[in-house]
Each structure stands twice: as C-alpha cells, then as structure tokens.
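Survey of secondary and tertiary structure
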Amino acid sequence: QVRLVESGGGLVQAGGSLRLSCAASGRTFSSPAMGWFRQAPGKEREFVAAITGSGGRTYYIDSVKGRFTISRDNAKITVYLQMNSLKPEDTAVYYCAAGPSALSIKTVGQGGVDYWGKGTLVTVSS
C-alpha cells in the first residue's frame, strides 16, 4: 500500500505561481513512477505530468509544457509540481498519483495509476 498526501494548493491570480507537493509513504518501491492529474468542475480527470522513479524522464500534457515542471526528491519520497504563468483554465483539483511506469501514467491515464492522493484545490482568478 502507498499513501500519497498533497499540499500547496490555493488561490492565485492569473500569471502567478504555485508549487504543489506530494509526500509518499509505504511500499513506494512497488509504484515508483509518480504523476499529477487534475479535474476541473464538470470535466473528466486528465493527466498533467509524470516522472520516472529515477527522475530522469518527465512527461507533460501539451497545455502545460513550458509552464509546469515536475520534479522529485527521492530522499524525501516527495514529488513536486511547479506551476508558473497560471491561467484560469488551470483551475482544478490536482491529484497526486503513483504507478509502475511514468509512460503508462501518461499514455494510459487513470488506468496506469495504482494509488491516488485525495487532491488539493488550485483556483486561478482572472
């Protein structure tokens, strides 16, 4: 079992920045890849970013490339999502995810995820 706890959400103006954190605990070796999804009101949950267990490879949805950066600190078993140049359309609940493969998290989406966090709300005002 893996437990994921997100933090760092909040209210920010358009153009601003936020950094989300996700602390993992438990049998993390079984699901070393980690990622972020988001779900806006009335919409389906969508993939945002993923990172391999080593941190050597990252994947992003096109709409956040150049604005968001996913990283991880394996000593702390924590993954981060630095979000810059935020837009109102980035408003959503952001969920941390863990699975066996970062590529699967990206290509398969929710089906590539073994564990989920409870989510943290990000609101971007215009």
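For the structure itself, consult the block above.
Everything in this summary refers to the structure shown in the same document.

About the cut-offs
- Residues numbered from 1 in each chain as written.
- Predicted model: local features only at pLDDT ≥ 70, side-chain atom pairs only at ≥ 80, totals over all residues.
- Heavy atoms only, no water.
- Helix = DSSP H or I, 4+ residues; strand = E, 2+ residues; numbered from the N terminus.
- Rg over C-alpha atoms; globule rule 2.2 N^0.38 Å.
- Disulfide = S-S within 2.5 Å.
- Phe/Tyr/Trp six-rings, centres within 6.5 Å; stacked < 30°, edge-to-face > 60°.
- Buried < 20%, exposed > 50% of the residue type's maximum accessible area, 1.4 Å probe, protein only.
- Lys NZ or Arg CZ within 6 Å of the ring centre and 35° of its normal.

Looking now at the overall build of the chain. When its secondary structure is counted, the chain shows 1 helix and 11 strands. Ordered by position from the N terminus, the helices and strands of the chain form the series β-β-β-β-β-β-β-β-β-α-β-β. At 13 Å, the chain has a C-alpha radius of gyration in line with the 14 Å of a compact globule built from 126 residues. If one aligns the C-alpha atoms of the chain with their principal axes, the spans along those axes are about 40 × 25 × 25 Å.

Okay, the state of the cysteines next. Evaluated as defined, the whole model comprises 1 disulfide. A sulfur-sulfur separation of 2.0 Å characterises the disulfide bridge that pairs Cys22 with Cys96. Disulfide Cys22-Cys96: the torsion about the S-S bond is -85 degrees, which places it as left-handed. Placement of Cys22 in strand 3 (residues 18-26) and of Cys96 in strand 9 (residues 92-99) is noted, with a sequence separation of 74 residues between them.

With the rule as written, the count across this model stands at 3 aromatic pairs. Ring plane angle 85 degrees and centroid distance 6.5 Å describe the contact between Tyr95 and Trp116, whose orientation is recorded as edge-to-face. Taken together, the positions of Tyr95 in strand 9 and Trp116 in strand 10 (residues 115-116) put the pair 21 residues apart, joining distant regions of the chain. By relative accessible area, which is 29% here, Trp116 ends up partly exposed. Taken together, the ring pairs in this structure connect Phe37, Phe47, Tyr95 and Trp116 into an aromatic cluster. Above the plane of the ring of Tyr95 lies Arg45, whose end atom (NZ or CZ) is 3.7 Å from the centre. Residue placement shows Arg45 over the ring face of Trp116; its charged tip is 4.6 Å from the ring centre.

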